[in-house]
Each structure stands twice: as C-alpha cells, then as structure tokens.
Amino acid sequence: MNSSDIDWELEEGIPQVDDPFIQQYLKGRTSLVLEEQKQRYDTNLRKALSPVATKACDIVSKIRARDLTILGLNEGNPRQLNPTPQTSHIPQLNRDEVQKTDLWRILQKMPKGSLLHAHMETMLDIDFVIEEAFKTPGIHIYAPKPLTTQRDYEEGIFYFQYSPSVQHLENKPVLWDPGYEPSSLISLQEAASSFPDGEEAGFHVWLKKRCIFPSAHSYHHGFDNILNAYKTLSSVVNSLLSYEPIFRSCLRRMFSQIAADGISYVELRNSFTFPYRQEGSSAPEEDYSAWCHAFQEELESFKGTEEGKTICGARIIWTTSRTQSNREISGSMINCILAKQDFPEVICGFDVIGQGDDARSLVDLVPILFWFRKQCAEEGVDIPFLFHTGENGCDDKQAEHDLFDAILLGARRLGPGESLYKHPLLLELIKEKKILVECCPIVKGINSRTNFTQVDPLSVLLSRGISVSLSSYLPDLSESGLNSLTFGFWQALQGPDNLELPGLAMMVENSIRWSCYEDQPPVEWLSDIREGILGEGTKAARLRDWYACFEKFCEWITLEFAEVDIS
C-alpha cells in the first residue's frame, strides 16, 4: 500500500493492522485455525513422524503438485474443473500417463497394510480367467435359454460348469441356436468355435466384453447397466471359481497381485453361489469345507515363497444375496457356520450383498439375521457382521436406511458408506461405536450418477473424524491397467480435501487396527482398536511392523528424490 492510501485510511479512521484490537482479532483467528488443525484425523500421526518421515511427506506433496501439472490436473485446467453430470472430477487417464509419474512410483512402493473391502470375483483380470477356462479340460457353458438376439448377447445370463462326461451329439443345437435345450451343457471349445460373430476369436471378444466395465460404458450408460454388467461378471467368474483347478490357479494369481501392490493382508468377500467341485469330480461337494481347505492350502503355499514373504494372511467374508428368500439365505448361513467350524481361521465375517429392484433391505432381513446370530451362539462360533451398505445406486433411499440397521445390528465395519454424509447422528454413532468405514474412491469417481465434485464422501468423513480405510473393489479400470489399491491411493490424493501422505498413512493404520486377523469377542475387539500400537495383541504387533516398513519407505523417498526442493 502506498503512502497516499495509508494517509487516506488514517484520515478516514480505518483501523490499521498493527492496532491492538486488530492484533487481538488476528491472534484469536490464529488460535481458532490451530485449534481446528488439532482435530484433524491425522494430527497424532503427524506429531509422531520422525524427521525423515516428515521430510518424505513434504517431498511427496511437492511431487504431487508437480505431477498434477504434468498430467493437466492442476486447478487451472478445465479437464478437472468442468466435468459433465455423467463424469467424475477425475478425467480418464491411461496407464502410460499415470505410471510415468513419480507419484505413481511412490504410491506403488508404499506399504498399504490391509485391503478390507474386496469382492473376490473382481480381483482377477478377466483375460487370465478366460485363459484358465480354455486351458482346463471339461469346462462347459450353459444358459437358462438360447442366446440368439442382440439383446441376448448383451444381457443374457450364462454360466460355466465342469463336467467330465457330457455326451456330445453331432448336430446338437448349441447355445446360439433357437433349438438349444435350456441349461444343457455345451463344451467351451464347441461354444466358442460356433460363435456366430467371428467364431473363437469373436467369442473371446464377446466374453471379455460381458465381464468388464469399459470406462465409456460406466460413464455414459447409467447405474442399471453397470449393475447388469456386474451381475454377469459375478456369475461368470464365480461359476468358474467353483472348480478346484481354476480356483487354485486364480488364487495364486490374486495373491501375487496383492503382494505386488504392497498389501500385506486381505479380507475377501465371496458369495458361495455355485456348488464346489474338486478336480476331476462331476459330483459337487455337499458343503464348502473342501473350498476352504484349498484356500488355506494355497495361501500357506504362497506365504512360503519369496514373493509372498510380505503377506501375513487372508480371510473370507461369507456373503449371501439380498435377492434370496429367508429359506435360501438360511441354507447359506448354515453352510457358513459349517465352514467356520471346520476352518475357523478362514471365515472371519458375514455380509448380505446385492442391489437392484429385487434386492431386499436390511430391515427386511433383520429376522433372519437375528436367527443367524442365535445359531452362531448355539454352535459356539463368532462370525461378526461386516456390511456392504450405504452405496449410492439405484435406490439411494434404501441405501441410506440400511445404514441405520447396519449400526443397530452391531456391524464392526461398513462400506462404502457414500451416503453417510447426509446423517450427522449416524456419523456420531459410528465414532462412538468405533465402526470403520471402508471408503472406495474409485467406485464413487466412476459409477456415480452425479458430479463427484459436489460432494466428496471421503472428505466429509475425514473432516468429521470418522475412521476410514481405503479400498478398491470394482474392475472399472481393468482395460487401462489401473485396477489396484495403488490407484485408489493415487485417486484419493487428487481429491479436493488436500489429502497428503500422512492422511494416507492414517488410513493404512486404520485398515490394520480394524483387520480381523483373529476371532475376537466384542470387548477384546474394541480394546485392541483403542490401544492401537500400544497394545499387546496381534494388531499392535502388525502396527509396529507396518510403522517400521513405513519408516524405511520414507527413507527411500528422501534418497530417491533428494533433488526435490522442499524449502
């Protein structure tokens, strides 16, 4: 301000910055800002950072800002600030663009703790699953009705099944013929070679298209079509995973990808929709003990390899469909209890999943869920509820109401919880009851029917002091090679809430604190969560291990990017 302006202000009696009462105001303002900063979700972690970790965090913040400019995502770029109602605030980026950045390389190397919200059928790239199906003798395809029209090709239901002894009659109508006998088994090779649009090559293209969510489809064709695509993916992959050789090979592939992504522990949701068949057996198993045995055996085998030395465990959250009747759900619940009794270290929780017009609400399922809890008590097993709920979708009102029941039913975790921000009372209850929210930024960023910049659920949850972990569970970006927890971390850093490396580290710590490493009654569970790293149990030990890994990770950042100016 020049001298003439100062003279004018003094003449008009405008207070000056150095006046005592203005200084008192600014002092109070500074105190208010500092007081709010003390309540940040990552305040305690920031205080505990070593000098090396603090320096690493500053370096990452600089690199993030630099990389955003390189990618054209800085605040002045219209790619970020002018999304359409059908798109997210994150523009479509291909693998080459993202993976050339230093930020990607850093996040890929970051130790990520636990992945707590992952549906098994979405953890595998479909190319690998299809290849395994063609490599495995005896795989057949079948459908409830012939697939003959264009709509059938786009929406028709079909499944796979192993059978060693199907009679192959000459000129027998295949899946694509109007005379196809519903639900009759057709060998995979025969179905592929007779595919009307390009034979085997065309069949591969069609099958893959039915089992992924191409970005253009997700952005422009609405939630209902995405839901139909997911149902196809789920039925196709789960039917193939119901045969032991494919199941085992897919487990090995999945564990390898999890380890490469910096994840040390995972809880996989699996819907036991199809009967399980052991290798070479046409007769399905009566229960899923053999499935659990194969899972446990492959996990232990992988942990014994050099590649798997960083993996400390994996467990299963048993899921059943909300579209089923109480009689059908009770059958699934009984199988869950039997599997838990035979393999207690494999099964860690129970969930009911599914969306769409035929999906039941949690309040409608309350009687059968209470029955399940009673059966668990009588059989002496502890299977806590870990609910998938609060997702914005085709019935947002039901998703919101389900949050009330999830809390009242004693869920230890819930996710993705996108609609929680609308319910201040529920937010307080979640904090009080120590419930973790498994937030999935990729899902919101791609599947939302609204502009993501209007409401960022992750920002709201963090600002309200909710304990959050990051997850990634839909393969929307499989074609661009970005379906990983690394990309979930990368996308979270692009959000509008100035999330930085300490914030990511805090969410990793949460993922470890809320992991079901072992069965625990409610009192012990809550005690371990409260004590954190100061406890004496498995969680505390895993937290100490992770902090040691995080410190080494920060040391690597300071050495690898020593040239970055953080002054």
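- Going by an unreviewed UniProt entry, the protein chain carries the name adenosine deaminase and comes from Aspergillus bombycis.
- Reading the Catalytic activity (unreviewed entry) entry of the UniProt record for the protein chain gives the comment "adenosine + H2O + H(+) = inosine + NH4(+)".
- Per UniProt, the comment on the protein chain under Subcellular location (unreviewed entry) is "Secreted".

**Regarding the overall build of the protein chain**
Piece 1. When you go through the protein chain residue by residue, the secondary structure sums to 25 helices and 11 strands.
Piece 2. Going through the 567 residues of the protein chain one by one, you find that 54% of them count as buried.
Piece 3. Here the analysis covers contacts within the protein chain between residues at least 6 apart in sequence; of these, 75% occur between residues at least 24 apart.
Piece 4. Summed over its atoms, the accessible surface of the protein chain is roughly 25,500 Å², and 51% of this surface lies on carbon and sulfur atoms.

**Here's the deal with the pairing of strand β6 (residues 313-321)**
Piece 1. Among the 9 residues in β6, 8 count as buried, and that is most of the element.
Piece 2. As paired elements, strand β5 (residues 265-271) and β6 share 7 bridges and run parallel to each other. Paired with R269 across the bridge in β6 is I317.
Piece 3. The parallel pair β5 and β6 is bridged by helix α15 (residues 289-303), and the resulting crossover is right-handed.
Piece 4. Alignment of β6 against strand β7 (residues 347-353), held across 6 bridges, turns out to be parallel. Along β7, the bridge assignment pairs T319 with D351.
Piece 5. Chirality of the crossover, the property in question, places the unit of β6, helix α16 (residues 326-342) and β7 among those that are right-handed.

**Some points on empty space enclosed by the protein**
Piece 1. The full count for this structure, using the stated rule, is 7 cavities of 30 Å³ or more.
Piece 2. Space inside the second largest cavity adds up to approximately 80 Å³.
Piece 3. Taken together, N238, L241, S242, N270, S271, F272, T273, F274, Y276, Y288 and W291 make up the lining of the second largest cavity.
Piece 4. Of the residues contributing to the lining of the second largest cavity, the split by class is 6 nonpolar, 5 polar and no charged.

**So, unusual backbone geometry**
Piece 1. The step from G415 to P416 runs through a cis peptide bond, and the omega angle for that step is 5°.
Piece 2. Among the structural elements, P416 can be located in strand β9 (residues 413-416).
Piece 3. Although it is not a glycine, S183 adopts a positive phi angle of roughly 65°.
Piece 4. Among the structural elements, S183 can be located in the loop between β3 (159-162) and β4 (186-187).
Piece 5. Among the residues examined, S183 registers a relative accessible area of 44% and is labelled partly exposed.

**A short note on the side chain of S471**
Piece 1. Relative to the helices and strands, S471 resides in the loop between β11 (468-470) and α22 (485-493).
Piece 2. Polar side-chain contacts of S471 include one of 3.5 Å to the backbone nitrogen of H117.

**Overview of the pattern of salt bridges**
Piece 1. Scanning all chains against the criterion turns up 31 salt bridges.
Piece 2. A salt bridge links K208 to D127, with the shortest nitrogen-to-oxygen separation between them at 3.1 Å. Of this pair, K208 sits in helix α11 (residues 199-210) while D127 sits in helix α8 (residues 126-135), and the two are 81 residues apart along the sequence.
Piece 3. You can call K208 partly exposed: its relative accessible area is 27%.
Piece 4. For D127, a relative accessible area of 42% corresponds to the partly exposed category.
Piece 5. Among the ionic pairs, E509 bridges to R513, the shortest N-O distance being 3.5 Å.

**Remarks on the packing of helix α7 (residues 102-109) against α22**
How two helices sit against one another is set out by the angle between their axes and by the gap between those axes.
Piece 1. Axis separation between α7 and α22 bottoms out at 9 Å; the angle between their running directions is 130°. Between α7 and α22, the crossing angle belongs to the class labelled oblique. Seen along the crossing, α7 lies across α22 with a hand that is right-handed. Across from L103, W104, L107 and Q108 in α7, the residues of α22 making contact are T486, F487, F489, W490 and L493.
Piece 2. Looking at the contact of α7 with α22, its residues break down into 7 nonpolar, 2 polar and no charged.

**A short note on the side chain of T558**
Piece 1. When you line up the elements, T558 lands in helix α25 (residues 538-560).
Piece 2. Discounting residues that sit within four places of it in the chain, T558 has contacts with V52, K55, A56 and I59.

How each quantity is defined
- Residues numbered from 1 in each chain as written.
- Predicted model: local features only at pLDDT ≥ 70, side-chain atom pairs only at ≥ 80, totals over all residues.
- Heavy atoms only, no water.
- UniProt positions renumbered as here; feature names shortened; annotations may be inferred.
- Helix = DSSP H or I, 4+ residues; strand = E, 2+ residues; numbered from the N terminus.
- Buried < 20%, exposed > 50% of the residue type's maximum accessible area, 1.4 Å probe, protein only.
- Contact = heavy atoms within 4.5 Å.
- Areas by Shrake-Rupley, 256 points an atom, 1.4 Å probe, with all protein chains shown as cover.
- Pairing = 2+ DSSP bridges.
- Right-handed = clockwise from strand over helix to strand, strands pointing away.
- 1 Å grid on protein atoms, 1.4 Å probe; cavity = no way out; pocket = protein on both sides within 12 Å on 5 of 7 lines; lining within 4 Å.
- Points joined across faces, edges and corners; volume = space filled by probe spheres on them.
- Nonpolar A, V, L, I, M, F, W, Y, C, P; charged D, E, K, R; others polar.
- Polar contact = N/O pair within 3.5 Å; in protein donor to acceptor, adjacent residues only side chain to side chain.
- Salt bridge = Lys/Arg side-chain N within 4 Å of Asp/Glu carboxyl O.
- Axes fitted to C-alpha atoms, helices over the stretch in contact; angles between N-to-C directions.
- Parallel < 35°, antiparallel > 145°, perpendicular 65-115°, else oblique.
- Left-handed = near helix turned anticlockwise from the far one by under 90°.

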